[in-house]
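# Fold and contact review
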Amino acid sequence: MTALPLIQTEPTEEGYFGDFGGRFVPETLISALDQLEYEYGLLEQDLVFQEQLLSEFRQFIGRPTPLTFAKRLTETYGGAKIYLKREDLCHTGAHKINNAIGQVMLAQKMGKQNIVAETGAGQHGVATATACAKLGLTCIVYMGEEDVHRQKLNVERMRLMGAEVIPVTSGSRTLKDATSEAIRHWVTHVRDTFYVIGSVVGPHPYPKMVRDFHRCIGLETREQLDQLEGKGPDHLIACVGGGSNALGLFHPFLEDLSVYMTGAEAAGFGVDSGKTAATLTKGRPGVLHGSLSYLLQTMDGQVELAHSISAGLDYPGIGPEHAHLFTSGRVTYKAVTDDEAMKALKEVSMLEGIIPAIETAHAFALLPEIASSMNKDQIIVVNCSGRGDKDMTTITEYFSHE
Ligand SMILES: *Cc1c(COP(=O)(O)O)cnc(C)c1O
């Protein structure tokens, strides 16, 4: 008999999941993080706040999202029954809004009227700007100048909803530099400003907090499967950038050891190509953006630039809870190349009438192998983290070379 993996599903008081997490931030931010942790702890127990959150989830985001049986994918792969958790049907087209609404409501409760965030491809910026417009808070989004040009449509969406988008011209003029600027802004305006982080990364308590706002994904899945099939899932699959949509689906099932879980990392051109974003496969422990986790880095500890065809997975780090689930063996992580993801994207579009985001397509790429090795009475749930409309330019360009 194999030993059961020892897993920790909540952080320690210092914010660690196993060996990973913590708070690696300037001294001036420690008291702000303490205050955040304290207020979040109160609201977790506050039934009125939880009811208000649930109401926004229902009336604004459109939750619960459906759990769709993927009949033609199931027939094609000839194994387990495949269900899709439809986060692509959330308002704004992806799961990110769950967390943005949650954190902006928390900011409001804490009496902070100003929101600051950073964004790479613009998806988290759009979700945050959306939540701020809905709830009436001011919103500043830092974005690398390079990304401002590449993601013009998202910049226009944010500005239309009243957010101020500030182009960052330092360093490589991308997400890494935008994050540093957002943190600098937060340090100097910490009294009236709340920093909204877009994935299960950053200093404690962000990884836990962001995860909790996404747990609705897994909780709904459990209820919906129970109604549809009278039982739970056998295998959960999700793509992993920072790791928020994956943890949202996985977390409510972590203690049920009969449920297998696989995370799809972006391999880019291949894990050994030097152009990859497969953090767990190719990285080593190190500190990035306020916490200790796996990180793509050079021999002497410089952060490496990640590469993935999908902007949302193009990040050299990963949330500390995933690092713990990886080293403990509870969750399996596999690397999926750009080409494998694009092949899956086309297949899902043609077989199911759903064009997934390129991020999401990485999860779908694992399906043929996993589904065909399972029985017909077993169940797989794939988290459909977002829709592909935003990626149509990249998709068209990619397939024009075929
Ligand atoms: C941002 C994004 C991701 C990656 O972020 P996680 O925190 O890993 O979930 C995945 N899918 C979509 C559609 C996204 O927009």
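Keep in mind the model is a prediction, meaning the values are calculated, not measured.

## Structural notes on helix α1 (residues 27-44)
With 18 residues, α1 ought to run about 26 Å at 1.5 Å a step, and its terminal C-alpha atoms sit 26 Å apart, in line with that. The complete set of buried residues in α1 reads Leu29, Ala32, Leu33, Leu36, Tyr40 and Leu43. Buried residues of α1 fall within an arc of 100° about the axis and therefore sit on the same side. Of the exposed residues in α1, those oriented more than 90 degrees away from the buried face are Glu27, Ser31 and Tyr38. For α1, the elements touching its buried residues are α2 (47-61), α4 (96-109), α8 (175-188), β8 (193-195) and α9 (206-214).

## Side note on the pattern of salt bridges
Applying the stated rule across the entire model yields 22 salt bridges. Where Glu75 meets Lys71, a salt bridge forms, and the shortest distance between an N and an O atom there is 3.3 Å. Of this pair, Glu75 and Lys71 are both found in helix α3 (residues 71-77), four residues apart, which corresponds to roughly one turn of the helix. Looking at Glu75, the relative accessible area reads 53%, which means it is exposed. Judged by its relative accessible area of 48%, Lys71 falls in the partly exposed class. In this structure, Asp391 engages Lys390 in a salt bridge whose closest nitrogen and oxygen atoms are separated by 2.9 Å. Note on Asp391: relative accessible area 10%, which makes it buried.

## Structural notes on unusual backbone geometry
Glycine aside, residues mostly have negative phi, and peptide bonds are mostly found in the trans state. For the peptide bond that leads from Arg63 to Pro64, omega is -5°, which places it in the cis range. With phi around 80°, Thr92 is a residue other than glycine that occupies positive phi space. With respect to the helices, strands and loops of the structure, Thr92 is situated in the loop between β4 (81-85) and α4. Of the residues examined, Thr92 reaches a relative accessible area of 18% and is grouped as buried. Of note in this structure, Arg173 is not a glycine but carries a positive phi near 55°. Tracing the backbone through its elements, the reader meets Arg173 in the loop between β7 (164-168) and α8. For Arg173, a relative accessible area of 32% gives the class partly exposed.

Here is what the cut-offs are and how they apply
Residues numbered from 1 in each chain as written. Predicted model: local features only at pLDDT ≥ 70, side-chain atom pairs only at ≥ 80, totals over all residues. Heavy atoms only, no water. Helix = DSSP H or I, 4+ residues; strand = E, 2+ residues; numbered from the N terminus. Expected span 1.5 Å × (residues − 1). Buried < 20%, exposed > 50% of the residue type's maximum accessible area, 1.4 Å probe, protein only. Arc of directions from axis to C-beta. Contact = heavy atoms within 4.5 Å. Salt bridge = Lys/Arg side-chain N within 4 Å of Asp/Glu carboxyl O.

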